[in-house]
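# Observations on the model geometry
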Amino acid sequence: MDRCMMNDQDCADICRLTGQLMERDSENTDIFLKLCGEMCERCATECEKYPEMEHCKKCAEACRKCATMCQEQQMAH
């Protein structure tokens, strides 16, 4: 479970930074969108190892949605 919590925090940090870069239309946005999508997928996969934990299920769902949005933004960007 420690690994899961660390992945959650790393993912949240990358998502927050990616959002900030998008807000200011940074030239590095594409790099971070790719990283954010990958981190979200990794986080979701780790959280899905704990299906009995409701917060892990919710986290996995949110991460999958975020990964999809990152991919869509990369294509649009």
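Residues numbered from 1 in each chain as written. Predicted model: local features only at pLDDT ≥ 70, side-chain atom pairs only at ≥ 80, totals over all residues. Heavy atoms only, no water.

## Regarding the overall build of the protein
How we decide: Secondary structure elements follow DSSP: runs of H or I no shorter than four residues count as helices, runs of E no shorter than two count as strands, and numbering proceeds from the N terminus. When we talk radius of gyration, it's over C-alpha atoms, and the globule rule is simply 2.2 Å times the number of residues to the 0.38. For every residue, the accessible area (1.4 Å probe, protein chains only) is compared with the maximum for its type, and the residue is labelled buried under 20%, exposed over 50%, or partly exposed between those bounds. Contact criterion: two residues are considered in contact whenever any of their non-hydrogen atoms come within 4.5 Å of each other. Reported accessibility uses the Shrake-Rupley method at a 1.4 Å probe radius. Residues are deemed covered only where the shown protein chains occlude them. Only four residue types enter the charge count: Lys and Arg as positive, Asp and Glu as negative, with His and the chain ends excluded. By convention, the point assigned to a charge is CZ for Arg, NZ for Lys, CD for Glu and CG for Asp.
Scanning the protein from N- to C-terminus turns up three helices and zero strands. Reading the helices (α) and strands (β) of the protein from amino to carboxyl end gives α-α-α. Computed over the C-alpha atoms, the radius of gyration of the protein is 13 Å, within 12% of the 11 Å expected from 2.2 N^0.38 for a compact globule of 77 residues. With respect to the three principal axes, the spread of C-alpha positions in the protein is 40 × 20 × 15 Å. Among the 77 residues that make up the protein, the fraction classed as buried is 31%. Counting only contacts in the protein whose residues sit at least 6 apart along the sequence, the fraction spanning at least 24 positions is 60%. A total of about 5200 Å² of accessible surface is found on the protein, and carbon and sulfur atoms cover 54% of it. Once the 10 positive and 16 negative side-chain charges of the protein are each reduced to a mean point, those two points are 3 Å apart.

## Let's talk about the pattern of salt bridges
As a reminder of what qualifies: Any carboxyl oxygen of Asp or Glu that lies within 4 Å of a side-chain nitrogen of Lys or Arg is treated as forming a salt bridge with it.
Within this structure, the stated rule accounts for seven salt bridges. A salt bridge links E41 to R64, with the shortest nitrogen-to-oxygen separation between them at 2.2 Å. Residue E41 is located in helix α2 (residues 29–47), and its partner R64 is located in helix α3 (residues 54–76); the two are separated by 23 residues in the primary sequence. In this structure, K49 and E46 form a salt bridge, with 3.1 Å as the shortest nitrogen-oxygen distance.

## Side note on helix α1 (residues 2–23)
Note the threshold: The length a helix should cover is 1.5 Å for every residue beyond the first. The directions considered for the arc run from the helix axis to the C-beta atoms.
Here α1 contains 22 residues, and its C-alpha end-to-end distance of 32 Å stays within 8% of the 32 Å for a straight helix at 1.5 Å per residue. Residues of α1 that are buried: C4, N7, C11, I14, T18 and L21. One side of α1 holds all its buried residues, which, seen down the axis, span an arc of 115°. Summarising the geometry of α1, the exposed residues directed more than 90 degrees from the buried face are D2, M6 and E23. A positive backbone phi angle near 55° is found at D25, which sits one or two residues after α1.

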